Amino acid sequence: MTIEQLALTVITFLISIIAYFIKKILEKIDLHDSKINEHNTSIKVIETEHNTLNNRIDDLFSAIKELSQEIKQLSKELSKKKDIDK
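If you're wondering where the values come from, they're calculated on a predicted model, not measured in any experiment. Counting from 1, residues in each chain are numbered in the order their sequence is written. A pLDDT threshold of at least 70 governs which residues receive local features in this predicted model, and a stricter bar of 80 or more applies before side-chain atom pairs are shown or counted, although totals over entire chains, interfaces and linings include all residues. To get the side-chain values, all heavy atoms of the structure are used, and hydrogens and water are removed first.

**Student:** Tell me what's going on with the overall build of the protein, and back it up with residues and numbers.
**Tutor:** Each helix and strand in the protein was counted, giving one helix and zero strands. With the radius of gyration taken over C-alpha atoms, the globule rule is written as 2.2 Å times the number of residues to the power 0.38. Relative to its length of 86 residues, the protein is extended, with a C-alpha radius of gyration of 37 Å against a globular reference of 12 Å. With the C-alpha coordinates of the protein rotated into their principal frame, the extents come out at 125 × 10 × 10 Å. Expressed as a percentage of its 86 residues, the buried residues of the protein come to 0%. In this count, Lys and Arg are taken as positive residues and Asp and Glu as negative ones, while His and the chain termini are left out. The location of each charge is read from NZ of Lys, CZ of Arg, CG of Asp or CD of Glu. Looking at charge distribution, the protein has the averaged site of its 13 positive side-chain charges lying 9 Å from that of its 14 negative ones. Numbered from the N terminus, helices here are DSSP runs of H or I no shorter than four residues, and strands are runs of E no shorter than two. Only protein chains enter the calculation, and the probe is 1.4 Å; a residue is then buried if its accessible area is under 20% of its type maximum, exposed if over 50%, and partly exposed in between.

Set out below in structure tokens:
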């Protein structure tokens, strides 16, 4: 075996080792990328649910305001009837 063949073998071996570690790193990057996508999807779902809840709470507050106004009107009408009946 000549020195050139030995150098080529060593270089090939080193390239194989580097390629192995690069492959492992890329697999980890892919794993992290998929986890990031899962988390982003979860965050979007949570944001959507939050917005839906906010809208429902706003609707409830509006309904409560309307009910309180109706109760006030009914109370006034009831007090007028009591005054008339006396």
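**Student:** How would you summarise the packing of aromatic side chains if you had to cite specific residues and measurements?
**Tutor:** Here the aromatic set is Phe, Tyr and Trp, taking the six-membered ring for Trp, and pairing holds for ring centres within 6.5 Å; pairs whose planes are under 30 degrees apart are stacked, those over 60 apart are edge-to-face, and all others are tilted. The tally for this structure, following the rule as stated, stands at one aromatic pair. Between Tyr20 and Phe21, the aromatic rings sit 5.3 Å apart at their centres with planes inclined by 75°, giving edge-to-face as the arrangement. Its relative accessible area of 51% is what places Phe21 among the exposed residues.

**Student:** Lay out the pattern of salt bridges in plain terms, naming residues and giving numbers.
**Tutor:** Criterion for a salt bridge: a side-chain nitrogen of Lys or Arg within 4 Å of a carboxyl oxygen of Asp or Glu. Throughout the structure, instances matching the rule amount to one salt bridge. Here Lys23 makes a salt bridge to Glu27, at a shortest N to O gap of 4.0 Å. Here Lys23 and its partner Glu27 are both found in helix α1 (residues 3-85), four residues apart, which amounts to about one turn of the helix. With relative accessibility at 53%, the residue Lys23 sits in the exposed group.

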